[in-house]
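An overview of the molecular structure
Spelled out, the chains give:
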Amino acid sequence: MSEQEKDFSQKLKSRNASERKEALESLFTEELDDNLVEMVASLFSDFDKGVRDAASMLFTAQPHPQVPHHIVQFISSDDISIRNMAGEVLLKNGENSISALMGELGKGNADNEKFIIDILGWIGHPEPTSKIIDILKTNKDGNVILACAEALGNIQSEESVSYLLELLEDDQDEIWTPTVMEALGKIGNKEAIDHFMKIYSDQDVLTKYTIIESLGRVGDEESLGFLLEEMQHSDEVLIGSIVKSSEQLLTKLGFEIEFSDELREIILNALDDNDEETVFAAVKLLYDYDNTEIIEAFVTIYGTYEQLDEMLKDKFVKSHNVSCDIVLDKINNNGENKKQLLILYKEMSSLREQLGSKPLTDLKQMEFLNTLSTLIDSPDEETRMVATELLFQINPKDALIFADKIIGDDNMWNRLKFLELLGDVNEPEALELIKKLTEDSEDMVKERAESLLEEKQTRI
């Protein structure tokens, strides 16, 4: 035993828990050997929780091949906190724990058996597969059987599929069905996929939901056809999950398909779903279509999901002649997302010449000017400023009519932006407004107004 190990061993005998804990903490920067591992493992049963936690943290921070063999005994502890702590460390040590865990199978009660199988499943390595299948076939405890099914799913054991399907057939009371179905979905071989589609129509809504999700993860071309068919006559509550799984499969398979009018309408309705993933999937499925109804639906949800907005914005730019009019109509009709649409319209307007967009008709321009004139009174400061910018962009001279409202904006940054807009207007009224702002209460506004006034007067 090295001097370090002797010193550490001595400190572990201290009656002071703080000293034992400090001894453990000193090892965080040291390389553990077999002797140190054995000594630290003995502290998993220390009466002081702080010492036990320090030992657990050390083994979590510094996995060692011998750790599992020394702490696996604690998974049968009567103290649930010690048992869970040992389980966490065994899981953290991953494949190094498999041999030690398998050595404990068949030695304890059903609770211990389930706990060990759970950990082996979470580790996810195929090594214990045959042992878990044996337990699945012979054990009579319901919780152990469920743990086996779940673990085999996590391991993605294709050799277990026939046993899991047999378990389903014998499950008259559907005790195992949800867990087994989920496990089969994770495994996802052809036999499991075919079974899902075969039994689908006879299942309750929750089981159907599990099947739909599984097909999205592991399905094939046949599964895609099955899902698209189901989409047309499925319960409304399942439509969102079918849309998500269909999009997953299309992406995975790399297919491009033309949806029928009926399917497009169903997917379009999914944009109203409260589930963000469903909305994302519906947008992706409909993204390449340019008809007015779809673009209008995209405009309606714009600003709801930040991660989706950039994608939608690109779509609006590509279909600018259609989307600009729709965005404008939504703003004029006071849509819930009018602020986001106002900012969007401003960005698209700046690209109008580059995109070759058609100009607004006189009637649409007048309607929009009326809307903007009300939005400069908005309680939202960003809405007020964007409305002001658009007023100046459309007709700077007419925008000056509303100058009294804008110059009194209680947001300093809005007044600074107003100054910037005035700098580009060659009208006597603009000069007078700049002069007024040289008396602003904020020094930053006042100084910028004075500087701008000097520039303008120099030009004159």
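1. Looking at the overall build of the chain
Scanning the chain from N- to C-terminus turns up 30 helices and zero strands. The C-alpha radius of gyration computed for the chain amounts to 34 Å, which surpasses the reference 23 Å derived for 460 residues by more than 25%, pointing to a less compact arrangement than a globule. Counting only C-alpha atoms, the chain reaches 95 × 65 × 30 Å along its principal axes. Here the chain holds 460 residues, and the buried ones make up 49% of them. Within the chain, contacts between residues at least 6 apart in sequence are counted, and of these 65% link residues at least 24 apart. Here the chain contributes 45 positive and 95 negative side-chain charges, whose respective centroids are spaced 4 Å apart.

2. Observations regarding unusual backbone geometry
The phi torsion at Gln-156 lies on the positive side, around 60 degrees, for a residue other than glycine. Classification of Gln-156 as exposed rests on a relative accessible area of 51%.

3. Some thoughts on the pattern of salt bridges
For the structure on display, the rule yields 27 salt bridges. Here Asp-290 ties to Lys-315 by a salt bridge, and the two come within 2.5 Å at their closest N and O atoms. Here the residue Asp-290 occupies a position in the loop between α18 (276-286) and α19 (292-301), and Lys-315 occupies one in helix α20 (residues 306-318), the gap between them amounting to 25 residues. With its nearest N and O atoms 3.0 Å apart, the salt bridge here joins Lys-417 to Glu-420. You can see Lys-417 and its partner Glu-420 sitting in helix α28 (residues 412-422), three residues apart, about one turn around the helix.

4. Things to note about the environment of Asp-290
Residues Asp-290 and Lys-315 lie 25 residues apart in sequence; the distance between their C-alpha atoms is 9.0 Å. Residue contacts for Asp-290: discarding those within four places in its chain leaves Ile-295, Lys-315 and Ser-319. For Asp-290, the side chain forms a polar contact with the side chain of Lys-315, separated by 2.5 Å.

5. Observations regarding the nonpolar core
Within soluble globular proteins, side chains that are nonpolar generally end up buried alongside one another. Within the largest apolar cluster, 152 residues are counted, with the highest numbers of intra-cluster contacts made by Phe-59 and Leu-271. Looking at this core, the element that brings in the most residues is helix α10 (residues 142-155), giving eight residues. Excluding its chain neighbours within four sequence positions, the residues that come into contact with Leu-271 are Val-279, Ala-282, Val-283, Leu-286, Ala-297, Phe-298 and Ile-301.

6. Describing the packing of α19 against α20
Running from N to C, α19 and α20 cross one another at 145 degrees; their axes reach a closest spacing of 10 Å. The two elements α19 and α20 cross, and the hand of that crossing is left-handed. On α20, the residues that touch Ile-295, Phe-298, Val-299 and Ile-301 of α19 are Leu-308, Leu-312, Lys-315 and Phe-316. Its residues placed into classes, the contact of α19 with α20 shows seven nonpolar, no polar and one charged.

7. Remarks on a negative patch on the surface
A surface patch of negative charge is lined by Glu-442, Asp-443, Glu-447 and Glu-450. Summarising the element assignment, Glu-442 is placed in the loop between α29 (428-437) and α30 (443-459). A residue is classified by how much of its surface remains accessible, and Glu-442, at 35% relative accessible area, is partly exposed.

8. Side note on the packing of aromatic side chains
Across all of its chains, the model carries eight aromatic pairs by this definition. Between the aromatic rings of Phe-44 and Phe-74, the centroid separation amounts to 5.6 Å while the plane-to-plane angle is 25 degrees, which identifies the pairing as stacked. Within this pair, whereas Phe-44 is found in the loop between α3 (34-42) and α4 (49-61), its partner Phe-74 is found in the loop between α5 (67-71) and α6 (80-92), the two being separated by 30 residues in sequence. Given the relative accessible area of 0%, Phe-44 is considered buried. Seen from their ring centres, Tyr-302 and Phe-316 are 5.8 Å apart, and the 65 degrees between their planes marks the pair as edge-to-face.

9. A closer look at the side chain of Glu-113
Within the secondary structure, Glu-113 is located in helix α8 (residues 110-123). It is Lys-131 that comes nearest to the buried, bridge-free Glu-113 among opposite-charge side chains, at 6.7 Å. The residues touching Glu-113, leaving out its near neighbours within four places in the chain, are Glu-104, Leu-105, Gly-106, Lys-107, Ile-135 and Val-144.

10. Some words on the side chain of Asn-332
Position of Asn-332 relative to the elements: it lies in helix α21 (residues 320-332). Assessed through its relative accessible area of 16%, Asn-332 is described here as buried. Excluding its chain neighbours within four sequence positions, the residues that come into contact with Asn-332 are Glu-367, Phe-368 and Thr-371.

11. Re the packing of α10 against helix α12 (residues 177-187)
Any two packed helices are characterised by the angle at which their axes cross and by the distance between the axes. Running from N to C, α10 and α12 point in directions that differ by 15 degrees, and their axes come no closer than 7 Å. When the interaxial angle is binned, α10 and α12 end up roughly parallel. Handedness of the crossing formed by α10 with α12: left-handed. Facing Leu-146, Ala-149, Glu-150, Leu-152, Gly-153 and Asn-154 of α10, the residues of α12 in contact are Thr-179, Val-180, Ala-183, Lys-186 and Ile-187.

Criteria and cut-off values
- Per chain, residues are indexed from 1 in the order of the written sequence.
- In keeping with the predicted nature of the model, local features appear solely for residues at pLDDT of at least 70, side-chain atom pairs appear and are counted solely at 80 or more, and the whole-chain, interface and lining totals rest on all residues.
- Side-chain metrics in this entry use all non-hydrogen atoms of the structure; hydrogen atoms and water are not considered.
- Each helix is a run of DSSP H or I of at least 4 residues and each strand a run of E of at least 2, with the numbering of both proceeding from the N terminus.
- Our radius of gyration looks at C-alpha atoms and nothing else; its globule reference is 2.2 Å times the residue count to the power 0.38.
- For each residue, the accessible area found with a 1.4 Å probe, counting protein chains only, is set against the maximum for its type, and the residue is called buried under 20%, exposed over 50%, and partly exposed in between.
- The contact criterion used is simple: two residues touch if any of their non-hydrogen atoms lie within 4.5 Å.
- Just so you know, the count uses Lys and Arg for positive and Asp and Glu for negative, and it drops His and the chain ends.
- Charged side chains are reduced to one point each, which is NZ for Lys, CZ for Arg, CG for Asp and CD for Glu.
- What makes a salt bridge here is a side-chain nitrogen of Lys or Arg within 4 Å of a carboxyl oxygen of Asp or Glu, nothing more.
- In the analysis that follows, any N or O atom pair within 3.5 Å is treated as a polar contact, provided that within protein one partner can donate a hydrogen and the other can accept it, and provided that, for residues neighboring in sequence, both atoms belong to side chains.
- What we call a nonpolar core is a set of buried Ala, Val, Leu, Ile, Met, Phe, Trp, Tyr and Cys residues that are connected through their side-chain atoms within 4.5 Å.
- Axes, fitted as lines to C-alpha atoms, cover a helix only where it is in contact. Angles between the N-to-C directions of the axes lie from 0 to 180 degrees.
- Here is the rule for handedness: rotate from the far helix to the near one, and if that takes an anticlockwise turn smaller than a right angle the crossing is left-handed, while a clockwise turn gives right-handed.
- In this classification, the charged set is Asp, Glu, Lys and Arg, the nonpolar set is Ala, Val, Leu, Ile, Met, Phe, Trp, Tyr, Cys and Pro, and all remaining amino acids, among them Gly, are polar.
- A patch consists of residues exposed above 30% relative accessible area that lack any salt bridge, with like charges linked at up to 9 Å and nonpolar side chains (Val, Leu, Ile, Met, Phe, Trp, Tyr) linked at up to 5 Å.
- Values of accessible area rely on a 1.4 Å probe in the Shrake-Rupley scheme; residue burial ignores everything except the protein chains shown.
- Between 30 and 60 degrees the pair is tilted, below 30 it is stacked and above 60 it is edge-to-face, where a pair is any two Phe, Tyr or Trp rings, Trp via its six-membered ring, whose centres lie within 6.5 Å.
- Convention used here: angles under 35 degrees read as roughly parallel, angles over 145 as roughly antiparallel, angles from 65 to 115 as roughly perpendicular, and any remaining angle as oblique.

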